[in-house]
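Fold and contact review
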Amino acid sequence: MSDHTAESVEQERLFYTEAEAAAALRVHPSTLGRLAKRGRSPVEPVMTGSRRLYPVAAIEALAHPRGSR
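Given the structure is predicted, the values throughout are model-derived calculations rather than measurements.

Judged from the three bridges that link them, strand β1 (residues 15-17) and strand β3 (residues 51-55) form a sheet pairing that is antiparallel. Opposite Thr17, over in β3, you have Leu53 as the bridge partner. As judged from the three bridges shared by strand β2 (residues 46-48) and β3, these two strands associate in the antiparallel manner. By the bridge assignment for β3, Val46 is matched with Leu53.

It is worth spelling out the packing of helix α2 (residues 18-25) against helix α4 (residues 56-63) at this point. Across the interface, α2 lies against α4 with an axial gap of 9 Å and an inter-helix angle of 20°. In terms of their interaxial angle, α2 and α4 are classed as roughly parallel. For the element pair α2 and α4, the recorded crossing hand is right-handed. Across the interface between the two elements, Ala21, Ala24 and Leu25 of α2 pack against Ile59, Leu62 and Ala63 of α4. When grouped by side-chain class, the residues that make up the contact of α2 with α4 number six nonpolar, no polar and no charged.

Calculation notes
- Residues numbered from 1 in each chain as written.
- Predicted model: local features only at pLDDT ≥ 70, side-chain atom pairs only at ≥ 80, totals over all residues.
- Heavy atoms only, no water.
- Pairing = 2+ DSSP bridges.
- Helix = DSSP H or I, 4+ residues; strand = E, 2+ residues; numbered from the N terminus.
- Axes fitted to C-alpha atoms, helices over the stretch in contact; angles between N-to-C directions.
- Parallel < 35°, antiparallel > 145°, perpendicular 65-115°, else oblique.
- Left-handed = near helix turned anticlockwise from the far one by under 90°.
- Contact = heavy atoms within 4.5 Å.
- Nonpolar A, V, L, I, M, F, W, Y, C, P; charged D, E, K, R; others polar.

Structure, rendered in structure tokens:
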């Protein structure tokens, strides 16, 4: 059994909530939700019941593309 601190658990996180993904992409959560419902989201969400979760790696790649400075 490994000893995880709160910080290390946060670093291993795989998904953002819709609100977190929207904040990273600088759009309103309802905009991201509306795009996802229409199948036009820039990142394919994973459905967990009625919640949409977005892969951290994909959101970060869109929010901070390489060579965009």
